[in-house]
Protein chains: 2
Amino acid sequence: MYIGIDLGGTNIKAGVVDESGKILYKDARPTGAHRPADEILKDMAELAMDTVKNAGLTLDDIKSVGVGSPGSVDAENGILMYAGNINFENVPVCEKITKYTGKPSYLGNDANVAALAEYYAQDKEMECFMAVTLGTGVGGGIVMNGKLFTGTNGVAAEIGHMVTHAGGRACTCGRHGCWEAYASVSALIRQTKESLAEDNTSLMYEMVGGNLENVGGKTAFDAAKKGDRAAQKVVTNYINNVSIGIVNLINILQPDMIVIGGAISKEGDYLLNPIQEYCIHESFKQGKKRTELKIARLGNDAGLIGAAFLGK
Amino acid sequence: MYIGIDLGGTNIKAGVVDESGKILYKDARPTGAHRPADEILKDMAELAMDTVKNAGLTLDDIKSVGVGSPGSVDAENGILMYAGNINFENVPVCEKITKYTGKPSYLGNDANVAALAEYYAQDKEMECFMAVTLGTGVGGGIVMNGKLFTGTNGVAAEIGHMVTHAGGRACTCGRHGCWEAYASVSALIRQTKESLAEDNTSLMYEMVGGNLENVGGKTAFDAAKKGDRAAQKVVTNYINNVSIGIVNLINILQPDMIVIGGAISKEGDYLLNPIQEYCIHESFKQGKKRTELKIARLGNDAGLIGAAFLGK
């Protein structure tokens, strides 16, 4: 059994996870992101040990503790180098967690560990597996032969910061035209608002009561499914932009499988089918085998399970 | 000792390569690309066995024969699935080469095996190494822990067919805005010609004697080094386009090292320095370690040596 801790800007989640990825017990508490790192780490360890007790177990049943965190991690040394939204800078997370729990501990980037969880959820061995998260940003993770691949410095798989639209929109990372600026939920909301600003006769306009502040990541998808032309145009354009990046990843790595997670992935086949269609037409000429594309399985638990699996 | 065969559209090259990557003897003959596959394969085997004799060795000294080929290969089964410029389609290359030589044989894509040779030429162990070839097209190879990484179907590392300029120029692969259409020698020649068509007062115009047909991949670089403004603009724009793709690869894989080969790489530091500068500014926020960028070492021999090393 493993403990997984998902450190977020709003909440800390912790849970006990068995060898198969089943969560035996989980709990959460507010992060209090304004507090010093040490207080937050103490809370994380406390919550972790409580979940063990509440699962009817003792620390003897636990092999290790894994932490998934936003930002840039130095996994080798267990140090959170930088995470903007919780003001952590060069914090020795593993050292502290091991001090409080007495267990070996591991640290990984949250999008990376989510990929690890999704890999194990597929329950088959693959040489190269990727997860793409279409959320506020576009994140991801690469799993090679069952282990997280994080590159020479621990920060690989920043796939959202691949430029697909050279000279395009400014991205938070400093580049222009990053995939994230076209394929994230934030990008979809922006594209939906742009459409509404141009045309106030669409169903979308009605759905948000004429108030652009009510536009969400589902607005265009919901209206498109009801036949609204303007919404269909927004969705088609958005899915094309998602697909461009996915085909790029396929042409570079030809992974065995890519799973698509994050808020937008709830659209299921309505999202997946056109992406698959696009990939068949655009991905590089190849042999009999193609990268399998699927919607991610684990939803919000992927981060917690993946963190636990860092010790696997 | 290994035999390496580099099968090209114009010439077949073969050589005997030792464990360290040194070529003991090499030779070449015309491919005769219009001929049936079997004739070409027989010639390849003959040339290979001749090089062994001319190196003062016998087949007993040879462990294996490796073939590097353009196109899409099924390395697992030793089949050249498709190579346009030599009209090979589903040819069992390894079966034939083994039949003629009596040696185990291996098959790889030419850009991939060149990457393998460049990896070994660095003489240090790396988890992830990439080679980028700026030639007629943009090719590449990925080496993971000393082995070629070719994805689920053998055709990974088609890095030139990553879209960096969505909606941009049509590419031979069917996509629009591929990196190759902006960062290859062909792209540079096109960009140079475009500049000359706009402005016939530049030094470049003088250098080509006013004839756009004389423009080559070196024209803009040569004129830029002599201070020609128009040429400097072409070169800066070209190097930016090269850098966009390199930073993409870094943000996705954070390899230990990327080497840049192909015709343009002969520009050396004049090419490399601005790319390095660009990468420092644009690659994703990270730890102390950065991807090392270098000019490739082996030039035209990389294909032959890498093919030989398939058996390593």
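Model, not experiment: these values are computed from the prediction.

Draft legend 1. Representation of the nonpolar core within the structure. If you look at the biggest cluster of nonpolar residues, it comprises 100 residues, and the most contacted ones within it are Ile 246 and Leu 253 of chain A together with Ile 246 and Leu 253 of chain B. In this structure, Leu 253 of chain B is in contact with Ile 142, Phe 149, Gly 151, Ala 156 and Leu 253 of chain A together with Cys 128, Met 130, Ile 142 and Met 144 of chain B, ignoring residues within four places of it in sequence. Counting 30 residues, the second-largest nonpolar core is a separate cluster that includes Ala 37, Met 44, Ile 86 and Val 93 of chain A.

Draft legend 2. Up close: the pattern of salt bridges. Residue and element names in this part refer to chain A. Under the counting rule described, the total for this entry stands at 32 salt bridges over all chains. As a salt-bridge pair, Glu 194 and Arg 169 come within 3.8 Å of each other at their nearest N and O atoms. Placement of Glu 194 in helix α5 (residues 185-198) and of Arg 169 in the loop between β11 (147-149) and α4 (180-183) is noted, with a sequence separation of 25 residues between them. The exposure class assigned to Arg 169 is partly exposed, which follows from its relative accessible area of 36%. Residue Lys 225 pairs with Glu 267 through a salt bridge whose shortest N-O separation is 2.5 Å. In this pair, Lys 225 is assigned in helix α7 (residues 219-225) and Glu 267 in the loop between β12 (257-261) and α9 (269-282), connecting sequence segments 42 residues apart.

Draft legend 3. Fine view of the relation of the copies chain A and chain B. Superposing chain A onto chain B takes a rotation of 180° combined with a translation of 0.0 Å along the rotation axis, leaving an RMSD of 0.0 Å. The superposition operator between the copies reduces to a two-fold rotation axis. Relative to the rotation axis, the C-alpha of Thr 164 of chain A is the closest in chain A, positioned 2.1 Å from it.

Draft legend 4. Inspection of the packing of aromatic side chains at higher detail. A full pass over the atoms with the stated rule returns twelve aromatic pairs over all chains. When the centroid spacing of 6.0 Å and the interplanar angle of 70° are considered together, the rings of Phe 221 of chain B and Tyr 270 of chain B count as edge-to-face. Taken together, the residues Phe 221 of chain B in helix α7 (residues 219-225) and Tyr 270 of chain B in helix α9 (residues 269-282) connect sequence positions 49 residues apart. A residue is classified by how much of its surface remains accessible, and Tyr 270 of chain B, at 32% relative accessible area, is partly exposed. Within the aromatic cluster, the residues linked to one another by ring pairs are Tyr 2, Tyr 119, Tyr 120, Phe 129 and Phe 309 of chain A. The residue whose ring lies beneath Arg 190 of chain A is Tyr 182 of chain A, and the NZ or CZ to ring-centre distance is 5.9 Å. Over the aromatic face of Phe 309 of chain A sits the side chain of Lys 312 of chain A, whose NZ or CZ is 4.5 Å from the ring centroid.

Draft legend 5. Broad picture of the interface of chain A and chain B. Contacts between the two partners involve 43 residues from chain A and, on the opposite side, 43 residues from chain B. Summing the contributions of chain A and of chain B, the shared interface buries around 3,800 Å²; its carbon and sulfur component is 59%. Of all residues in chain A, Thr 152, Arg 175 and Ile 252 of chain A give up the largest surface area on contact with chain B, accounting jointly for 19% of the area buried on that side. Where chain A touches chain B, the interface holds two salt bridges.

Draft legend 6. Summary view of the domain arrangement of chain A. Partitioning chain A into structural domains gives domain 1 (2-103) and domain 2 (125-296). A straight line from the C-alpha centre of domain 1 of chain A to that of domain 2 of chain A covers 29 Å.

Draft legend 7. Quick peek at the sheet that holds strand β7 (residues 88-91) of chain A. All names here are of chain A. Strand order across the open sheet formed by three strands is β5-β6-β7, with antiparallel pairing between neighbours. Each edge of the open sheet is held by one strand with a lone partner, namely β5 (72-74) and β7. The mean angle between the axes of side-by-side strands here comes to 20°, regardless of whether they run parallel or antiparallel. Where β5 meets strand β6 (residues 79-83), three bridges bridge the pair, whose relative direction is antiparallel. Considered in β6, the bridge of Asp 74 is made with Ile 79.

Draft legend 8. Spotlight on α9 of chain A. Residues and elements named next belong to chain A. Taking 1.5 Å of rise per residue, 14 residues should cover 20 Å, and α9 covers 19 Å from first to last C-alpha, within 8% of that figure. If you check which residues of α9 are buried, you get Leu 271, Leu 272, Ile 275, Tyr 278, Cys 279 and Glu 282. Looking straight down α9, one finds its buried side chains confined to an arc of 130°; they lie on one side. Buried residues along α9 sit in contact with β9 (128-134), α7, α8 (229-253), β12 and β13 (292-295).

Draft legend 9. Here's a closer look at the confidence of the model for chain A. For chain A, the mean per-residue pLDDT works out to 95, and 99% of the residues sit at or above 70. What the predictor reports for the complex is a pTM of 0.94 with an ipTM of 0.94.

Draft legend 10. Molecular detail of the sheet that holds strand β2 (residues 11-17) of chain A. Residue and element names in this part refer to chain A. Taken in spatial order, the five strands of this open sheet run β3-β2-β1-β4-β8, and their pairing is mixed. Pairing within the sheet leaves two strands with one partner each, and these edge strands are β3 (23-30) and β8 (105-109). For this sheet the average axis-to-axis angle between neighbouring strands, irrespective of direction, equals 15°. Pairing analysis gives five bridges linking strand β1 (residues 2-7) to strand β4 (residues 64-69), with the strands arranged parallel. Bridging across to β4, Gly 4 finds its partner in Gly 66. Here helix α10 (residues 302-309) sits on the sheet in contact with β1, β2, β3 and β4, set at roughly 130° to β1.

Cut-offs used in this document
Residues numbered from 1 in each chain as written. Chains lettered and ligands numbered in written order. Predicted model: local features only at pLDDT ≥ 70, side-chain atom pairs only at ≥ 80, totals over all residues. Heavy atoms only, no water. Core = buried A, V, L, I, M, F, W, Y, C linked by side-chain atoms within 4.5 Å. Buried < 20%, exposed > 50% of the residue type's maximum accessible area, 1.4 Å probe, protein only. Contact = heavy atoms within 4.5 Å. Salt bridge = Lys/Arg side-chain N within 4 Å of Asp/Glu carboxyl O. Helix = DSSP H or I, 4+ residues; strand = E, 2+ residues; numbered from the N terminus. Least-squares fit on C-alpha atoms with pLDDT ≥ 70 in both. Phe/Tyr/Trp six-rings, centres within 6.5 Å; stacked < 30°, edge-to-face > 60°. Lys NZ or Arg CZ within 6 Å of the ring centre and 35° of its normal. Buried area = accessible area lost by both parts, 1.4 Å probe. Domains from an automatic or database assignment. Pairing = 2+ DSSP bridges. Axes fitted to C-alpha atoms, helices over the stretch in contact; angles between N-to-C directions. Expected span 1.5 Å × (residues − 1). Arc of directions from axis to C-beta. pLDDT = per-residue confidence, 0-100.

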